[in-house]
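Here is how the chains run, residue by residue.
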Amino acid sequence: MKKIVMLDSKSCDNCGDCMKACSEVHGISRISILDYQGEYFPVVCQHCASAPCGEICPVNAIDVNNGTVHLNEELCIGCGLCALACPFGAIFINEKTAHKCDLCIEENNECACIKACSKRCLEVIDVEDIVLSKKLKNLPNLASVTKPGSKANKNKNKDLLSLVTSSSRVNNP
């Protein structure tokens, strides 16, 4: 089960409650808030399936376990390669050690930042639930497309061939 922290930047007011709560649990905040064009964006590890941070780590201090990218701070040498490789800028080096969100796995899977956010800007979601939701939402569209020549095609205006050819037609003068 792959989980990530999703955010609603429209609701974030940069109060810092998420960062304070994270600091209380981990000793240092593993979440930061950036101001971009007047909106605030909490930056947190997205637990990438490919985990480029782990791929580049020379001491194998980062691994993926049950869809969560875990950083073993005791193995970390603080080289910063993981921070350079992170596509979200969610890893930082402090006192010769890398730090990143671990979804509070040691805190009964209850993320301190999410519990602390009074605006409800942050939420842990299961990626598989989002994918299933998209499939169900688009099922009526998929059901209306049939292959050319099928019996169901005779009563419908849309078939796969007409959709493909109609989108590729060019008006020649």
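Everything numeric in this text was worked out from a predicted model, so none of it was measured.

Draft legend 1. How the structure looks around the confidence of the model for the protein chain. Summarising the model, the protein chain shows a mean pLDDT of 82, and 82% of its residues fall at 70 or more. For the protein chain, per-element mean pLDDT is lowest for helix H6 (residues 160-168), which scores 56, and highest for helix H3 (residues 81-85), which scores 96.

Draft legend 2. Spotlight on helix H5 (residues 127-143). In this model, H5 (17 residues) spans 24 Å end to end at C-alpha, consistent with the 24 Å of a helix rising 1.5 Å per residue. In the structure, H5 departs most strongly from a straight axis at Lys137, where the bend amounts to approximately 40° and where the proline Pro140 lies between one and four residues downstream. A small share of H5 lies buried, amounting to 0 of its 17 residues.

Draft legend 3. Spotlight on unusual backbone geometry. One non-glycine residue, Ala51, adopts positive backbone phi at about 40°. Examined against the element boundaries, Ala51 turns out to sit in the loop between strand E3 (39-43) and helix H2 (52-56). Residue Arg120 is not a glycine yet carries a positive backbone phi of 60°. The residue Arg120 is located in the loop between helix H4 (112-116) and strand E8 (122-126) in this model.

Draft legend 4. Layout of the packing of aromatic side chains. Scanning the entire structure with this criterion turns up 1 aromatic pair. Taking the centre distance of 6.3 Å and the plane angle of 65° together, the rings of Tyr36 and Phe41 count as edge-to-face. Assessed through its relative accessible area of 28%, Phe41 is described here as partly exposed.

Draft legend 5. Region of the structure containing the pairing of strand E2 (residues 32-36). Note: E2 against E3, 5 bridges, orientation antiparallel. Bridging from a neighbouring strand, Ser32 pairs with Val43 of E3. The turn linking E2 back onto E3 is made up of 2 residues, and Gln37 within it adopts a positive phi angle of 50°.

The rules we used
- Residues numbered from 1 in each chain as written.
- Predicted model: local features only at pLDDT ≥ 70, side-chain atom pairs only at ≥ 80, totals over all residues.
- Heavy atoms only, no water.
- pLDDT = per-residue confidence, 0-100.
- Helix = DSSP H or I, 4+ residues; strand = E, 2+ residues; numbered from the N terminus.
- Expected span 1.5 Å × (residues − 1).
- Bend = angle between axes of the 7 residues up to and from the residue.
- Buried < 20%, exposed > 50% of the residue type's maximum accessible area, 1.4 Å probe, protein only.
- Phe/Tyr/Trp six-rings, centres within 6.5 Å; stacked < 30°, edge-to-face > 60°.
- Pairing = 2+ DSSP bridges.

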